[in-house]
Amino acid sequence: MKKFLTQISEEVQAAFEKAGYDAALGRVSVSNRPDLCEYQCNGAMAGAKKYGKKPIDIANEVAEQLKDSKAFASVEAVMPGFLNLKLNAAYLADYVSDMFAADKYGVEAPAKKEKIVIDYGGPNVAKPLHVGHLRPAIIGESVKRILRYAGHEVIGDVHLGDWGTQMGLIITELQERKPELPYFDESYTGEYPAESPFTLTELEEIYPAASAKSKVKDENGELTEAAKEFHARALKATREMQQGRRGYRQIWKHIMEVSLPDLKENYKKMDIEFDLWMGESDVNDMIPEMVEDMKAKGLAYISNGALVVDVKEETDKKEIPPCMVLKSDGAANYDTTDLATLSWRERELKPDKVLYVVDKRQELHFEQVFRCARKCGLVREETGLEFIGFGTMNGPGGKPFKTRDGGVLRLQALIAEIEENMYAKIRETESPDAKMSEEEARQTAKITALAALKYGDLSNQASKDYVFDVERFTASEGNTGPYLLYTMARIKSILRKNKESGGTEASRLLTPEDNAQKDLLRSVTAFPQMIEDASAERAPHKVCAYLYQLANDFNSFYHGTKILTEPDAEKKAGYIALLHGVLGVMEECIGMLGFEAPERM
Ligand code: ARG
């Protein structure tokens, strides 16, 4: 299906041509004076110089050509030379009827279907998921779904942090606590116990304890000797684990066995699905070959003991330090695993693009990795590498989000809190003659809490910092998830009642009779263009803005129109068709944002 703006532009372009002007001048845009008109064309202004004429004269000639246009009810040339356009209501209804009947509401396959790998989530195993993990998961999931909807092939990879110093810290702490375990005895050749020496709860306590131990400072603010010594042992353990020390690999396995099911469970609860559950550790065996190749090409060299590749470029405005391929002790670091992972993706998946949804404070790291990967030929020249950096989630005071006692808030606790909040609201506002069962109320609270959380995040431009405010996110009025779900529940309820009372649904929309209906239809027409923009710009907030506008337009229409009580059956059937279609578009949008709508609220 042609996009609506394209289709009406073609009418105006043809008119320019018939009047003897360049057709390209006839591009139409949404009016920036909605009080005067719905759409406008400024082509006469642009053409004035070229044709040596007054813009208003050109505009008048074009308007004359559009007198009988079926697209426009009125075409006005106004000073100094704008064309003010108002749509023919029947034409608009016809277009939207076609959209409602079309696959994906008229969204066409992209000019070039791309294979895109999206790296998002990025939790570090052994550390419980906390609020800091919300943004990469929520934004990444949405970008993935938008790209898929737009017609691309998208592969989501969680890219676990499972090969870094946190592993060495855990090993070292475990050795202090239980030195008698066989994992630490290098001469041990027997089988290791199948069962993990720690539970998830213990593991979640071990890591923070170890991390704290490595950071103890004295009264002068310097790391204590004990902390330094502990940290050094952790680094050594990390390197030995990476290089294959048997007992440490076994502990690593236990850590993974214990923490992965919990991670998976947590993401599942948030409706976040990864196609690949790969991690830093998966590329370990590729590192030696990659490093050898970099050396052979003369690109990697030793600097202060570490193996590095220069990545600065002449045009740089700020200093871009070398990419560190191996640490001075020979261990892999964050750069190493990202480089090897890119190499793996290139070889196994041959993607057109690789996207990274990561905290924007890591921008420099990715700049280094991308440059190094290109320089060393780890990716083809045409492989696109994109960093999608997101801002910090702040608490209501504008400071990074913390719990009341200053700790990091666990994700599960946070979600539970929002669910409770929504549950209370649902109970407060439900009508006494249609009370929900306990089960339905709990389920509805779950769905709406997730929507509140995700929409609260996604409605902000990802790169900006934002304030996490549960009260605001769960409000039923304003630009919030619950507001959208209330609107959808309202439509669902009307459709249900219509069906129950034997009402029908028209196959085509009726010609809108007022501006509220017209505005609603006009908002619907913008859907395919919005998808194209949101996908090209990796911008879930555009889906949110569209959805909010659509919901507002729907509510204006709803408040001014009797639907179920409309006596004219044909008219009523037309309204029902409109509601059905609008709900469908809204469902597509919330699907791309990663949440669902309950049947009623
Ligand atoms: N685990 C990392 C962290 O917590 C995020 C991983 C992002 N993705 C990547 N390919 N580096 O900071």
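Predicted, not measured: the structure shown is a model, and the values here were computed from it.

Asks: Help me understand the layout of surface pockets in this model?
Replies: The gaps left among the atoms become clear once a water-sized probe is rolled over them. Approximately 930 Å³ is the volume found for the largest pocket. In terms of lining, the largest pocket is formed by 42 residues, of which the most central are Gly122, Asn124, Gly132, His133 and Gln362. Counting only elements with at least two residues in the lining of the largest pocket, the list comes to α5 (134-149), α6 (165-177), α8 (225-242), α11 (334-349) and β10 (353-359). Looking at the lining of the largest pocket element by element, the count peaks at 4 residues for β10. For the lining of the largest pocket, the class distribution of residues is 15 nonpolar, 18 polar and 9 charged. Within this model, the second largest pocket holds a volume of roughly 680 Å³. If you go around the second largest pocket, you meet 25 residues; those closest to its centre are Tyr486, Ala489, Arg490, Ser493 and Met601. Within the residue set of the lining of the second largest pocket, elements represented by two or more residues are α16 (481-500) and α19 (540-560). Classifying every residue of the lining of the second largest pocket by side-chain character gives 10 nonpolar, 7 polar and 8 charged.

Asks: Would you mind showing me how to read the side chain of Arg538 here?
Replies: Of note, Arg538 is situated in the loop between α18 (527-536) and α19. Of the polar contacts made by the side chain of Arg538, one reaches the side chain of Glu386; its length is 2.7 Å. Within the structure, the side chain of Arg538 is placed 3.0 Å from the backbone oxygen of Ser535, a separation counted as a polar contact. Among residues more than four places away in sequence, those in contact with Arg538 are Val143, Leu147, Lys353, Leu355, Glu386 and Ile388.

Asks: Can you walk me through the packing of aromatic side chains in this structure?
Replies: Two aromatic rings, taken as a pair, are described by how far apart their centres are and by the angle between their planes. Going through the model one piece at a time under the given rule, you end up with 27 aromatic pairs. Geometrically, the ring pair formed by Tyr120 and Phe274 is tilted, given 4.6 Å between the ring centres and 40° between the ring planes. On the criterion of sequence distance, the pair formed by Tyr120 in the loop between β5 (115-119) and α5 and Phe274 in the loop between α9 (246-269) and α10 (287-296) is long-range, its members being 154 residues apart. Just as Tyr120 is buried, Phe274 falls in that class too. Site record: aromatic cluster; members linked through ring pairs are Phe100, Tyr105, Tyr149, Phe527 and Tyr546. Here Arg245 stacks its cationic end above the ring of Tyr248, 4.1 Å away from the centre of that ring. The cationic tip of Arg442 hangs over the ring face of Tyr423; the distance from NZ or CZ to the ring centre is 3.6 Å.

Asks: Just checking my understanding: could you explain the site of the ligand for this structure?
Replies: The full set of residues close to the ligand is Asp119, Gly122, Asn124, His159, Tyr334, Asp338, Tyr356, Val358, Gln362 and Phe366. In this structure, a nitrogen atom belonging to the ligand sits 2.9 Å away from a side-chain N or O atom of Asp119. Contact between the ligand and Gln362: an oxygen atom at 2.8 Å from a side-chain N or O atom of the residue. Against a free-state accessible area of 350 Å², the protein chains account for coverage of 84% of the ligand.

Asks: I'm lost on empty space enclosed by the protein in this one. Help?
Replies: Evaluation of the coordinates by the stated rule reveals 3 cavities of 30 Å³ or more. Forming the walls of the largest cavity are Asn124, Val125, Ala126, Lys127, Pro128, Leu129, Leu200, Glu204, Ser259, Asp262 and Leu263. Counting residues per element, the ones that place at least two in the lining of the largest cavity are α7 (200-213) and α9. Among the residues forming the lining of the largest cavity, the class breakdown is 6 nonpolar, 2 polar and 3 charged.

Asks: What is the right way to read the sheet that holds strand β11 (residues 384-390) from this model?
Replies: Two orientations exist for strands paired in a sheet by backbone hydrogen bonds: parallel and antiparallel. Spatial strand order, β6-β5-β10-β11: 4 strands in an open sheet with parallel pairing. The two strands at the open ends of the sheet, each matched to only one other strand, are β6 (153-157) and β11. Pairs of neighbouring strands in the sheet enclose a mean axial angle of 20°, with direction left out of account. Here β10 runs beside β11; their pairing, made up of 7 bridges, is parallel. By the bridge assignment for β11, Val357 is matched with Ile388. The strands touched by helix α12 (residues 363-375) within the sheet are β10 and β11, with β11 carrying the most contacts at an inclination of about 175°.

Analysis parameters
Residues numbered from 1 in each chain as written. Predicted model: local features only at pLDDT ≥ 70, side-chain atom pairs only at ≥ 80, totals over all residues. Heavy atoms only, no water. 1 Å grid on protein atoms, 1.4 Å probe; cavity = no way out; pocket = protein on both sides within 12 Å on 5 of 7 lines; lining within 4 Å. Points joined across faces, edges and corners; volume = space filled by probe spheres on them. Helix = DSSP H or I, 4+ residues; strand = E, 2+ residues; numbered from the N terminus. Nonpolar A, V, L, I, M, F, W, Y, C, P; charged D, E, K, R; others polar. Polar contact = N/O pair within 3.5 Å; in protein donor to acceptor, adjacent residues only side chain to side chain. Contact = heavy atoms within 4.5 Å. Phe/Tyr/Trp six-rings, centres within 6.5 Å; stacked < 30°, edge-to-face > 60°. Buried < 20%, exposed > 50% of the residue type's maximum accessible area, 1.4 Å probe, protein only. Lys NZ or Arg CZ within 6 Å of the ring centre and 35° of its normal. Near = heavy atom within 4 Å. Areas by Shrake-Rupley, 256 points an atom, 1.4 Å probe, with all protein chains shown as cover. Pairing = 2+ DSSP bridges. Axes fitted to C-alpha atoms, helices over the stretch in contact; angles between N-to-C directions.

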